[in-house]
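Understanding the architecture of this molecule
Below, each chain spelled out in residue letters.
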There are 2 protein chains.
Amino acid sequence: MDDLSKSPDAQALANCPVSRTLEVVGARSTLLIMREAFFGTRRFQDFTKRVGIGEAATAGRLRELTASGLLEKIPYQEPGQRGRYEYQLTDKGQDLFAAIMSLRDWGESWASDGHGPTPWRFTHRDCGEEVHTVTRCSAGHDVHAGDCTAVREPRRAVGDPVS
Amino acid sequence: MDDLSKSPDAQALANCPVSRTLEVVGARSTLLIMREAFFGTRRFQDFTKRVGIGEAATAGRLRELTASGLLEKIPYQEPGQRGRYEYQLTDKGQDLFAAIMSLRDWGESWASDGHGPTPWRFTHRDCGEEVHTVTRCSAGHDVHAGDCTAVREPRRAVGDPVS
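Counting restarts for each chain: residues are numbered from 1 in the order of the written sequence. Ligands are numbered from 1 and chains lettered from A, in the order in which they are written. In view of the model being predicted, local features appear only for residues whose pLDDT reaches at least 70, and side-chain atom pairs are presented and counted only at 80 or more, with totals across whole chains, interfaces and linings using the full set of residues. Note that water and hydrogens are dropped before the side-chain values are worked out from all heavy atoms of the structure.

Each helix corresponds to a stretch of at least 4 residues labelled H or I by DSSP, and each strand to a stretch of at least 2 residues labelled E; elements are numbered beginning at the N terminus. A tally of regular secondary structure across chain A gives seven helices and five strands. Reading the secondary structure of chain A in the N-to-C direction produces α-α-α-α-α-β-β-α-α-β-β-β. Whether a residue is buried, partly exposed or exposed follows from its accessible area with a 1.4 Å probe, protein chains only, as a fraction of its type maximum: under 20%, in between, or over 50%, in that order. Counting all 163 residues of chain A, 47% fall into the buried class. For this analysis, residues touch if any pair of their heavy atoms sits within 4.5 Å. For chain A, restricting intrachain contacts to residue pairs at least 6 apart in sequence, the fraction spanning at least 24 positions comes to 46%. When the accessible surface of chain A is summed, it comes to about 7600 Å², and 46% of that surface belongs to carbon and sulfur atoms. Here the accessible surface of atoms and residues is derived via Shrake-Rupley with a 1.4 Å probe, and residues count as covered only by protein chains that are part of the display.

Turning our attention to the interface of chain A and chain B. As a measure of interface size, the accessible area lost when the parts come together is often cited. Contacts between the two partners involve 93 residues from chain A and, on the opposite side, 94 residues from chain B. A buried area of about 9200 Å², summed over both sides, lies between chain A and chain B, and 59% of it is on carbon and sulfur atoms. Glu23 of chain A is paired through a salt bridge with Arg28 of chain B; the nearest N and O atoms lie 3.3 Å apart. Definition of a polar contact: a pair of N or O atoms within 3.5 Å, with one able to donate and the other able to accept a hydrogen when the atoms are protein atoms, and with sequence-neighbouring residues admitted only if both atoms are side-chain atoms. Where chain A packs against chain B, one counts 34 residue pairs in polar contact (both at pLDDT 80 or more). Counting residues per element, the side of chain A that touches chain B draws most heavily on helix 7 (residues 97-110) of chain A, at 14 residues. The pairing of strand 3 (residues 121-124) of chain A with strand 5 (residues 148-151) of chain B spans four bridges and is antiparallel. In the strand pairing of strand 5 of chain B, Phe122 of chain A is matched with Ala150 of chain B. Using a 1.4 Å probe, buried area is obtained as the accessible area two parts lose upon being combined, added over both of them. A side-chain nitrogen of Lys or Arg and a carboxyl oxygen of Asp or Glu constitute a salt bridge if their distance falls within 4 Å. A pair of strands is labelled paired if DSSP reports no fewer than 2 bridges between them.

Attention now goes to the relation of the copies chain A and chain B. The atoms used to superpose the copies are C-alpha atoms, taken from residues with pLDDT of at least 70 in both, and the fit is least squares. Superposing chain A onto chain B takes a rotation of 180° plus a shift of 0.0 Å along the axis, which leaves an RMSD of 0.0 Å. Both copies of the chain, as the preceding transformation shows, are related through a two-fold rotation axis.

A few words on the confidence of the model for chain A. Residues and elements named next belong to chain A. Taken over all residues, the pLDDT of chain A has a mean of 85, while the share at 70 or more is 85%. Scored below 50 in pLDDT, residues 1-12 shows 19 contacts in the model against residues more than four places distant or in partner chains. If you check the scores for this complex, the pTM reads 0.84 and the ipTM reads 0.84. The pLDDT score gives, residue by residue, the confidence of the prediction method on a 0 to 100 scale.

With that out of the way, let us pick up the pattern of salt bridges. Side chains carrying opposite charge are able to pair once their charged atoms draw close together. Counting across every chain of the model gives 21 salt bridges over all chains. In this structure, Arg136 of chain B engages Asp142 of chain A in a salt bridge whose closest nitrogen and oxygen atoms are separated by 2.6 Å. Of the two residues, Arg136 of chain B is situated in strand 4 (residues 131-137) and Asp142 of chain A in the loop between strand 4 (131-137) and strand 5 (148-151); the pairing between them involves two chains. Classification of Arg136 of chain B by relative accessible area gives buried; the value is 18%. Taking the relative accessible area as the measure of exposure, Asp142 of chain A reaches 39% and is therefore partly exposed. For Arg43 of chain B, the salt bridge identified is with Glu86 of chain B, shortest N-O distance 3.6 Å. With a gap of 43 residues between them, Arg43 of chain B in the loop between helix 3 (28-38) and helix 4 (44-51) and Glu86 of chain B in strand 2 (residues 84-89) connect regions that are remote in the sequence. By relative accessible area, which is 15% here, Glu86 of chain B ends up buried. Each of Arg104, Asp105, Glu108 and Glu130 of chain A takes part in a single network of salt bridges with overlapping partners.

What follows is the structure, encoded as structure tokens:
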């Protein structure tokens, strides 16, 4: 852990990928919309009811998430009704799953506030076991924060040898 | 993925652990302070310089993170100087590592915005390989969002048999 204050990367660190992710999904209601999308919620009224932020805020968040490419609007029409849209997770949206799960895991461990067990979980479809987030190195070792070194060098390019 | 709108858990879902985590660390500047703490930053002036949100905001965020128990104030004194405090990660703070890493991974994959490779990474101290976040079930299978089922039942109690 070297002295970052002496680094020309200080500016680059301020504009880091954690920061850029938070620019897209940093609003609490945005992440709650995404949580609902992982639950399988697709329709505007269901998002509104389940997130509980009101119709205007829900519409705004869905518009932002669609513009950012995390959700995709798909038209549908029920018999005798006007055409509507539902919202489906894109690959970019699906890839936020680890972030949602890690925020859930931390909240359950450290901010349960007497709420008792969380009334939902995600299980692996093939074996039924519960899903969690873990940090792991490219050589396959599970690692915790205390086992890591911060390195001020870019990630390897794709295709570079690993392990 | 069943119909949550018919569920008595709708209220409980609104007050979920993802939401509670965001109550604690949902502010962008709060997570950037935590990112710096994982880099080994300990002192007020260094947090201020590296996060770039100004002294007042830095002081406010450090106060919140200390009150929430993610950082701990440790007194230190350099020769000839007045006593000061530095900020160290607690276990509760260390456990946010997976969330920070998953937000980083997503940002680098999906919000690079022409910035090129991130100028920092975490490596496993024992083997030097880069650290990432993965989602895994309790039986040890790596799983993606598309391999999961949302279940509206509490997590198993600690001590229940797994796999």
